[in-house]
Amino acid sequence: MPSPPPPGFSDLSLAEIARAAAENRLPPVESWNPAHCGDSEMRIARDGTWYHQGGPIQRPAMVRLFSTILRREPDGRFVLVTPVEKLDIAVEDAPFVAVELKIDGTGSDGRLAFRLNTDDVVVAGPNHPLRMETHEDGPHPYVQVRKGLDALISRALYYELAQLALDNGSSPPGVWSDGAFFGLEPAA
């Protein structure tokens, strides 16, 4: 089950945020291999809104619960999986959206923590890398949440990251987090 939303994300220290992220216990979805059962009739829109049978899911607690049983299959499909069933779910871009950023430190000592639309917290670094992709509508920045599951970094946060990269003067432009450097230019 995901940890409850962090109270006042911007008021927490990065150490407190990292501790909350580490305490987030998830079901062992990688070890569950039930037979495929069909379609969940659910989708996750590009903006992170979850839908069921065409209507948005209004209860944030339900979205958080479903997000804990989300898995990406080797063939690229997304599924909701339990010990007894596996259902397809459509994902328009990434299953999560990074909606808030906390910056601690500067340069190679810096750390970047992202709050997701599900209120989960991810600290970018070697285990949660940042990457850029080029799409028809421009660059899309992502942070890896867990195996095969990414969060699209919102445009406002992307601009914060770009400003941070400009301020640190790195070439190529990029940011540091948890001892790792991440370029902000899309891979060729």
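Sequence order as written defines residue numbering, which begins from 1 separately in each chain. The predicted nature of this model means local features are confined to residues of pLDDT at least 70 and side-chain atom pairs, given and counted, to a pLDDT of 80 or more, with totals for whole chains, interfaces and linings taken over all residues. Heavy atoms throughout the structure, all of them, feed into the side-chain values; hydrogens and water do not.

## Side note on the sheet that holds strand E12 (residues 149–153)
Moving on, step 1. Strand pairing is assigned whenever DSSP detects at least two bridges linking the two strands. In this text, helices come from DSSP runs of H or I with a minimum length of four residues, and strands from runs of E with a minimum of two, each type numbered from the N-terminal end. Strand order in this open sheet of six strands is E9-E8-E7-E12-E11-E10, and the pairing throughout is mixed. Each edge of the open sheet carries a strand with a single partner, namely strand E9 (121–123) and strand E10 (130–135). If you compare each strand with its neighbour and ignore which way they point, the axes differ by 40° on average.
Moving on, step 2. Across six bridges, the pairing between E10 and strand E11 (residues 138–146) is antiparallel. Across the sheet, the residue bridging to methionine 132 is proline 141, located in E11. Only the contacting stretch of a helix is used when fitting its axis, a line to C-alpha atoms as for every element, and angles between N-to-C directions run 0 to 180 degrees.

## A short note on the packing of aromatic side chains
Moving on, step 1. Stacked, tilted and edge-to-face are the three classes applied to pairs of Phe, Tyr and Trp rings, where Trp contributes its six-membered ring and a pair requires centres within 6.5 Å; stacked means planes under 30 degrees apart, edge-to-face means over 60, and tilted covers the rest. On inspection of all chains with the given rule, the structure shows three aromatic pairs.
Moving on, step 2. Relative to phenylalanine 66, the ring of tryptophan 50 lies with its centre 6.4 Å away and its plane at 15°, an arrangement referred to as stacked. Taken together, the residues tryptophan 50 in strand E2 (residues 50–52) and phenylalanine 66 in helix H2 (residues 60–68) connect sequence positions 16 residues apart.
Moving on, step 3. With centroids separated by 6.1 Å and ring planes inclined at 35°, the aromatic side chains of tyrosine 158 and tyrosine 159 adopt a geometry described as tilted.
Moving on, step 4. Whether a charge sits over a ring comes down to the Lys NZ or Arg CZ being within 6 Å of the ring centre and within 35 degrees of the ring normal. A cation over a ring is seen here: arginine 43 above tyrosine 51, with NZ or CZ 4.1 Å from the ring centre.

## Things to note about H2
Moving on, step 1. Relative accessibility under 20% of the residue-type maximum defines a buried residue, over 50% an exposed one, and the middle range a partly exposed one, all with a 1.4 Å probe and only protein chains included. When H2 is considered as a whole, its buried residues turn out to be Val63, Arg64, Ser67 and Thr68. Viewed along the axis of H2, the buried residues span an arc of 140°, placing them on a single side of the element. Directions are taken from the helix axis to each C-beta atom, and the arc is the one they span.

## Some remarks on the confidence of the model for the protein
Moving on, step 1. The predictor attaches a confidence to each residue, called pLDDT, with possible values from 0 through 100. Averaged over the protein, the pLDDT score is 87; the fraction of residues at 70 or greater is 86%.
Moving on, step 2. Low pLDDT, under 50, characterises residues 1–6; the predicted model gives this stretch 19 contacts beyond four residues in sequence or across chains. Two residues qualify as a contact provided that any one of their heavy atoms is within 4.5 Å of a heavy atom in the partner residue.

## Quick notes on the pattern of salt bridges
Moving on, step 1. The term salt bridge refers to a pairing of a side-chain nitrogen on Lys or Arg with a carboxyl oxygen on Asp or Glu at a separation within 4 Å. Tallied over the entire structure, the rule returns 14 salt bridges.
Moving on, step 2. For glutamate 73, the salt bridge identified is with arginine 77, shortest N-O distance 3.9 Å.
Moving on, step 3. With a relative accessible area of 10%, glutamate 73 lands in the buried category.
Moving on, step 4. Of the charged contacts in the structure, one is a salt bridge between lysine 86 and glutamate 73, with a shortest N-O distance of 3.1 Å. Note that lysine 86 is positioned in strand E6 (residues 86–91) and glutamate 73 in the loop between strand E4 (70–72) and strand E5 (78–81), a separation of 13 residues in sequence.

## Examining helix H3 (residues 155–168)
Moving on, step 1. The end-to-end C-alpha separation of H3 is 20 Å, in line with the 20 Å expected for 14 residues at 1.5 Å each.
Moving on, step 2. Burial in H3 covers these residues: Leu157, Tyr158, Leu161 and Ala165. Buried positions in H3, seen along its axis, are confined to an arc of 105° and lie on one side of it. Turned more than 90 degrees from where H3 packs its buried face, Leu166 and Asp167 sit exposed.
Moving on, step 3. Glycine 169, located one to two residues past H3, shows a positive phi value of around 65°. Here the expected length of a helix is defined as 1.5 Å per residue gap, with one fewer gap than residues.

## Brief notes about the sheet that holds strand E3 (residues 55–56)
Moving on, step 1. If you walk across this open sheet you meet the six strands as E3-E2-E1-E6-E5-E4, and the pairing is mixed. Across the chains shown, the open sheet's two edge strands, defined by having one partner strand only, are E3 and E4.
Moving on, step 2. Here strand E1 (residues 36–44) runs beside E6; their pairing, made up of five bridges, is parallel. When the sheet's bridge partners are listed, isoleucine 44 is paired in E6 with valine 91.

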